[in-house]
Amino acid sequence: MTREEIIENSNLITNGQLTKYLEDLENCGFIRKYQAIGSKTKNSLYQLIDNFTLFYFKFMEGRKNTDTNYWSKIQTAPTYHNWCGLAFERVCLLHSEQIKKALGISGVITNEYSWRTAANDEHPGAKIDLLIDRSDKAINLCEIKYSDGPYTIDKKYMENLRNKAALFRQLTKTRKGIALTMITSYGLVKNSYSMNSIHSQITADDLFSEQK
């Protein structure tokens, strides 16, 4: 959420105390603050990233289930798979240095952003969780996808990805090259889309490589 969205949803008053609250939460690692590419600092986004807090509100708060095997039993349910997808996304965002190392751009000056635009009469809207803006005149547009095995890019998904990249270029007016980058748990299934249209692939193993 932006600061304004936080105020609207929490009925807080915008003042120095709210700024202190947000700074304290950021310094303690509960939230992260990042700027949307092409936006001013006042439009920075705040994201809750503390994994236990998120897990508590999703699976523990208000639940009275006494089944001692509850967690293992829900692992075939949509709720569990949705949670895995969101958790994998957070892990990726917390391992940006490893992602840049795997891309071979550790020696390049970079900035990390998110980007989103609401739907309107002209376009359906889009959201990109990780953009790596590089000083060598390129931007890695990172798509994060969790799956139980290698992820398959089909025609529909590829069209969506291309439209998203085109909309990003149109609205930000960037002249940098856009490198489509897939970050997946187990890699991509080899087909014409993954081999010819995806510039870079990152897997979960890359996220936990040693920093040198």
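Look a little higher up for the structure.
The structure reproduced in this document is the subject of the present report. Every chain's residues receive numbers from 1 upward, in the order its sequence appears when written. Local features in a predicted model are, by the rule used here, given only for residues with pLDDT of at least 70; side-chain atom pairs are given and counted only at 80 or more, and totals for whole chains, interfaces and linings are based on all residues. Where side-chain values are given, they derive from all heavy atoms of the structure, hydrogens and water being excluded.

1. Considerations on the pairing of strand β6 (residues 177-184)
Next up, step 1: Burial within β6 is extensive, with six of its eight residues counted as buried.
Next up, step 2: Any two strands with at least two DSSP bridges between them are considered paired. In this text, helices come from DSSP runs of H or I with a minimum length of four residues, and strands from runs of E with a minimum of two, each type numbered from the N-terminal end. Here eight bridges tie strand β5 (residues 138-145) to β6, and the two strands are oriented parallel to one another. Looking across to β6, one finds that E143 is bridged to M182.
Next up, step 3: Seen with the strands pointing away from the viewer, any crossover whose path from the first strand over the helix to the second strand runs clockwise is right-handed. With respect to chirality, the unit in which β5 leads through helix α7 (residues 155-172) into the neighbouring parallel β6 is right-handed.
Next up, step 4: In terms of strand pairing, β6 meets strand β7 (residues 200-203) through four bridges, oriented parallel. Looking at β7, one finds that M182 is bridged to Q201. Burial status follows relative accessibility: with a 1.4 Å probe on protein chains alone, a residue under 20% of its type maximum counts as buried, one over 50% as exposed, and anything between as partly exposed.

2. Considering helix α1 (residues 3-10)
Next up, step 1: Every buried residue belonging to α1 is among R3, I6 and I7, and all of these are buried. Angular distribution of buried residues about the axis of α1 spans 100°; they occupy a single face of the element. Facing away from the buried surface of α1 by more than 90 degrees, the exposed residues are E8 and N9.
Next up, step 2: Whether two residues are in contact is decided by their heavy atoms, any of which lying within 4.5 Å being enough. Each element contacted by the buried residues of α1 is listed here: α2 (16-27) and β2 (45-48).
Next up, step 3: With its phi angle positive at about 60°, N11 sits one or two positions after the end of α1. By construction, the arc corresponds to the directions joining the helix axis to the C-beta atoms.

3. Quick look at the nonpolar core
Next up, step 1: In plain words, nonpolar cores are sets of buried Ala, Val, Leu, Ile, Met, Phe, Trp, Tyr and Cys residues tied together by side-chain atoms within 4.5 Å. Core analysis: the biggest nonpolar cluster contains 20 residues, and W115, L131, I153, L161, M182 and I198 have the highest contact counts within it.
Next up, step 2: At the level of secondary structure, the elements contributing two or more residues to this core comprise β3 (110-117), β4 (126-134), β5, α7 and β6.
Next up, step 3: In this structure W115 touches I37, A126, K127, I128, L131, L167, F168, L171 and T172, once residues within four positions along its chain are discounted.
Next up, step 4: Judged by nonpolar contacts, the second largest core, of 14 residues, contains F88, I99, C142 and L207.

4. Brief notes about helix α5 (residues 78-93)
Next up, step 1: Helix span is expected to be 1.5 Å times the residue number reduced by one. The end-to-end C-alpha distance of α5, which contains 16 residues, comes to 23 Å, matching closely the 22 Å that a straight helix rising 1.5 Å per residue would cover.
Next up, step 2: Residues Y80, W83, C84, A87, F88, E89, R90, C92 and L93 constitute the buried set of α5.

5. Some thoughts on the pattern of salt bridges
Next up, step 1: Salt bridges are defined by distance alone: a side-chain nitrogen of Lys or Arg within 4 Å of a carboxyl oxygen of Asp or Glu. Here the structure, examined in full by the defined rule, presents nine salt bridges.
Next up, step 2: Across the salt bridge formed by E5 and R116, the nearest N and O atoms sit 3.1 Å from each other. On the criterion of sequence distance, the pair formed by E5 in helix α1 and R116 in strand β3 is long-range, its members being 111 residues apart.
Next up, step 3: For D129, the salt bridge goes to K127, with nearest N and O atoms at 2.3 Å.
Next up, step 4: Relative accessible area serves as the criterion here: at 19%, D129 is assigned to the buried category.

6. Some points on the packing of α1 against α2
Next up, step 1: Here, axes are lines fitted to C-alpha atoms. For helices the fit covers the stretch in contact, and angles between N-to-C directions go from 0 to 180 degrees. Closest axis-to-axis distance for the α1/α2 pair is 12 Å, and the angle between their directions is 105°. On the basis of the axis angle, α1 is roughly perpendicular to α2. Where α1 abuts α2, its residues R3, I6 and I7 lie against L18, T19 and L22.
Next up, step 2: Classifying every residue of the contact of α1 with α2 by side-chain character gives four nonpolar, one polar and one charged. For classification purposes, an angle smaller than 35 degrees is called roughly parallel, one larger than 145 roughly antiparallel, one from 65 to 115 roughly perpendicular, and anything else oblique. Think of it as three bins: nonpolar holds Ala, Val, Leu, Ile, Met, Phe, Trp, Tyr, Cys and Pro, charged holds Asp, Glu, Lys and Arg, and polar takes everything else, Gly as well.

7. Some thoughts on the packing of aromatic side chains
Centre distance and the angle of the planes are the two values used to describe a pair of aromatic rings.
Next up, step 1: Stacked, tilted and edge-to-face pairs are distinguished by plane angle, under 30 degrees for stacked and over 60 for edge-to-face with tilted covering the rest, among Phe, Tyr and Trp rings (Trp via its six-membered ring) whose centres lie within 6.5 Å. Evaluation of the coordinates by the stated rule reveals eleven aromatic pairs.
Next up, step 2: Geometrically, the ring pair formed by F59 and W83 is edge-to-face, given 5.3 Å between the ring centres and 85° between the ring planes. With F59 in helix α3 (residues 51-60) and W83 in helix α5, this residue pair connects regions lying 24 residues apart in the sequence. There is no split in this pair, since F59 and W83 are both buried.
Next up, step 3: Look at Y151 and Y157: their rings are 5.7 Å apart centre to centre, the planes differ by 70°, and that puts the pair in the edge-to-face class.

In short, the description is geometric, and any link to function would need to be established separately.
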